[in-house]
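Analysis of the macromolecular model
Single-letter residue listing:
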Amino acid sequence: MADPPLLSVSGATAIIKDRLDDLPRMTVEGEVSNLRPPNASGHLYFTLGDEGAKLNVTFFSFRQKAQGEVPRFENGAKVRVTGRISLYAPHGSYQLNAERLEVGDGTGALLLRFEALKRKLFAEGLCEASRKRPLPRLPRRVGIVTAPTGAAVRDILNILSRRYPNLHILLAPCRVQGAEATEEIARAIELLNAHFGPDSPEPLDAMIVGRGGGSLEDLWCFNEERVARAVAASRIPVISAVGHEPDVAITDFVADLRAPTPSAAAELLCGRKEDFERALADAKDRLLKALRVAYAEARNTVRRHEGSALFRDPLHALENRAQRIDALDARLVHALADASARARKRIDAAQLALERAGAAVFPKAAQRLADRAARLDFALRRAADAAAARLATAAARLDAYNPYAVLARGYSLTTDAEGHVLTDAAHVRPGDALTVRLSKGALAVRAEGQAEPR
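Described below are features of the structure shown in this document. (Residues numbered from 1 in each chain as written. Predicted model: local features only at pLDDT ≥ 70, side-chain atom pairs only at ≥ 80, totals over all residues. Heavy atoms only, no water.)

**Some thoughts on the pattern of salt bridges**
Taken as a whole, this structure holds 21 salt bridges when the rule is applied. As a salt-bridge pair, Arg-100 and Glu-102 come within 3.7 Å of each other at their nearest N and O atoms. Residue Arg-100 is classed as partly exposed on the basis of its relative accessible area of 35%. Glu-183 is the salt-bridge partner of Arg-226, the closest N and O atoms lying 3.1 Å from each other. Pair noted here: Arg-226 is in helix H6 (residues 225-233) and Glu-183 is in helix H5 (residues 181-196), with a separation of 43 residues, a long-range link. Overlapping salt bridges bring together Lys-120, Glu-124, Glu-225 and Arg-229 as one network. (Salt bridge = Lys/Arg side-chain N within 4 Å of Asp/Glu carboxyl O. Buried < 20%, exposed > 50% of the residue type's maximum accessible area, 1.4 Å probe, protein only. Helix = DSSP H or I, 4+ residues; strand = E, 2+ residues; numbered from the N terminus.)

**Here's the deal with the packing of aromatic side chains**
Enumeration over the complete set of coordinates arrives at 4 aromatic pairs. With a centroid separation of 6.4 Å and an interplanar angle of 65 degrees, the aromatic rings of Phe-114 and Phe-253 are classed as edge-to-face. Here Phe-114, found in helix H3 (residues 108-123), pairs with Phe-253, found in helix H7 (residues 250-254); they are 139 residues apart in sequence, far enough to count as distant. Taken together, a centroid distance of 5.9 Å and an interplanar angle of 65 degrees make the contact between Phe-122 and Phe-253 edge-to-face. You can see Phe-122 sitting in helix H3 and its partner Phe-253 sitting in helix H7, a full 131 residues away along the chain. Members of the aromatic cluster, connected to one another through ring pairs, are Phe-114, Phe-122 and Phe-253. (Phe/Tyr/Trp six-rings, centres within 6.5 Å; stacked < 30°, edge-to-face > 60°.)

**A short note on the sheet that holds strand E9 (residues 238-242)**
The strand order across the open sheet formed by 5 strands is E7-E6-E8-E9-E10, and the pairing between neighbours is parallel. Of all the strands in the sheet, just strand E7 (168-173) and strand E10 (257-258) have a single pairing partner and so form its edges. Where strand E6 (residues 141-146) and E7 come together, 6 bridges link them in parallel fashion. Bridged to Ile-144 within E7 is Leu-171. The sheet contacts of helix H4 (residues 151-163) involve E6, E7 and strand E8 (206-211), and relative to E6 the element is tilted by about 165 degrees. (Pairing = 2+ DSSP bridges. Contact = heavy atoms within 4.5 Å. Axes fitted to C-alpha atoms, helices over the stretch in contact; angles between N-to-C directions.)

**Considerations on the packing of H4 against helix H8 (residues 262-269)**
Close contact between H4 and H8 brings their axes to 8 Å; oriented N to C, the two are set at 25 degrees. By the criterion of interaxial angle, the relationship of H4 to H8 is roughly parallel. Helix-helix and strand crossings are classified by hand; for H4 and H8 the assignment is right-handed. Together, Ala-152, Asp-155, Ile-156, Ile-159, Leu-160 and Arg-163 of H4 and Pro-262, Ser-263, Ala-266 and Glu-267 of H8 make up the contact between the two elements. Residues of the contact of H4 with H8, tallied by class, amount to 6 nonpolar, 1 polar and 3 charged. (Parallel < 35°, antiparallel > 145°, perpendicular 65-115°, else oblique. Left-handed = near helix turned anticlockwise from the far one by under 90°. Nonpolar A, V, L, I, M, F, W, Y, C, P; charged D, E, K, R; others polar.)

**Quick notes on the pairing of strand E3 (residues 54-59)**
Of the strand pairs in this sheet, strand E2 (residues 44-49) and E3 are connected by 6 bridges, and their pairing is antiparallel. Pairing of Phe-46 across the sheet is with Val-57, part of E3. Counting the residues between successive antiparallel strands, the hairpin from E2 to E3 contains 4 residues. Examined bridge by bridge, E3 and strand E5 (residues 93-103) share 2 bridges and lie parallel to one another.

**Re the sheet that holds E2**
Where strands meet in a sheet, backbone hydrogen bonds hold them as pairs that are either parallel or antiparallel. Reading around the circumference, E1-E2-E3-E5-E4 is the order of the 5 strands in this closed barrel, with mixed pairing throughout. Direction aside, the axes of adjacent strands within the sheet are offset by 55 degrees on average. For strand E4 (residues 78-88) and E5, the ladder comprises 10 bridges, and the chain directions are antiparallel. Looking at E5, one finds that Ile-85 is bridged to Leu-96. Relative to E4, helix H1 (residues 9-21) is tilted by about 140 degrees, and along the sheet it contacts E4 and E5.

**Describing the environment of Thr-415**
If you trace the backbone, Thr-415 turns up in strand E11 (residues 413-415). The buried category is assigned to Thr-415, whose relative accessible area is 16%. Expressed as a C-alpha distance, the spacing of Thr-415 and Gln-177, which sit 238 residues apart in the sequence, is 123 Å. The contacts of Thr-415, once residues within four sequence positions are left out, are His-420, Val-421, Leu-422, Leu-434 and Thr-435.

What follows is the structure, encoded as structure tokens:
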């Protein structure tokens with residue numbers, strides 16, 4: 001028997017890793033333990049175990065991003081991990097490299113989708129209370145969107161037929177579970193609206209959409225956006241009746257009314273016949289009592305007035321009223337004439353007073369105007385004289401400051417060849433050309449030297 005080949009640890013590990021890498025992708029369910037916080041790169045490391053074995057799991061950050069929204073979990077949580085088995089050579093241990101993680105029995109991702117769609121529909125206003133329509137108190141025609149077989153449709157039909165035998169029921173059969181259910185439910189709702197909407201000759205008063213209980217996966221078709229938008233767009237009021245009391249579906253939020261079960265939907269839609277009969281009987285009793293009271297009050301009123309003069313001789317009462325009306329009419333005509341005459345006198349007096357006042361006021365006003373014009377003319381002349389005096393004073397002061405006026409008194413102005421005014425004889429040298437400006441004209445001279453002052 002040949003000896004097995006001699007391998008290094010790395011070589012043996014490489015062979016094992018190749019074999020493990022050939023294994024297909026798998027989904028493993030177990031309980032989380034040894035969960036560590038994400039490292040600097042965002043990778044997650046934990047152990048997945050059950051009563052018989054444990055498996056190390058690595059969930060790289062790029063795989064988390066590829067999944068999208070990863071559900072939150074902790075030690076002790078039951079999760080499902082999908083990925084591939086691989087070998088980490090430096091430690092010589094195999095592990096499950098996770099590609100997807102779901103919390104619990106696989107409903108974690110569904111719950112995330114549920115919440116995301118719920119937020120979206122609320123943001124669009126499709127779940128607002130203002131959109132909810134009231135259900136008819138006594139419906140005549142009702143539509144049902146559900147499976148044609150099963151406990152749900154039997155319960156609905158049993159309750160409706162027992163309470164209202166003459167109620168017209170129209171069933172739009174569809175699948176309520178599986179891949180095809182979503183489209184079939186939406187199309188059934190749209191079909192009832194197309195043929196039995198408010199504008200049709202025989203419109204439906206309401207519609208029940210739902211099914212009996214089941215797991216979240218079984219009920220999921222009622223959480224799909226396609227079905228939710230069909231319910232929201234329905235012109236026929238919709239009752240959402242999905243599952244049992246604890247179950248909540250997306251259709252519950254967009255429908256006009258949510259019923260905890262299909263049976264409850266039928267009860268909400270059609271109250272008990274006995275309740276209506278009792279309500280009618282009570283209303284009848286209250287109406288009869290009100291009529292008796294009104295009849296008694298009217299009879300007493302008639303008896304009180306039977307002995308009055310109006311009932312004994314109505315024409316006499318009419319004559320008195322007619323005569324009184326004539327008297328009032330005459331008084332009214334006289335009052336109007338008197339009021340008109342007084343008003344005319346007040347107008348004439350006011351007009352005369354106005355004319356008298358005008359005759360006295362206008363001459364005085366004219367005299368005041370003439371006085372003010374004279375004062376204005378005097379003020380203007382004074383202002384002009386004062387301005388002329390100020391102007392003359394300013395002209396005299398300006399003339400006094402004129403340097404050429406000084407020359408007229410016998411002074412002269414001497415400048416050098418560059419035109420600089422000379423004020424000091426020390427600045428002039430013999431032979432310099434000078435200009436002497438007099439009051440009238442100028443002289444060109446040449447300096448011979450300094451002279452003693454005389």
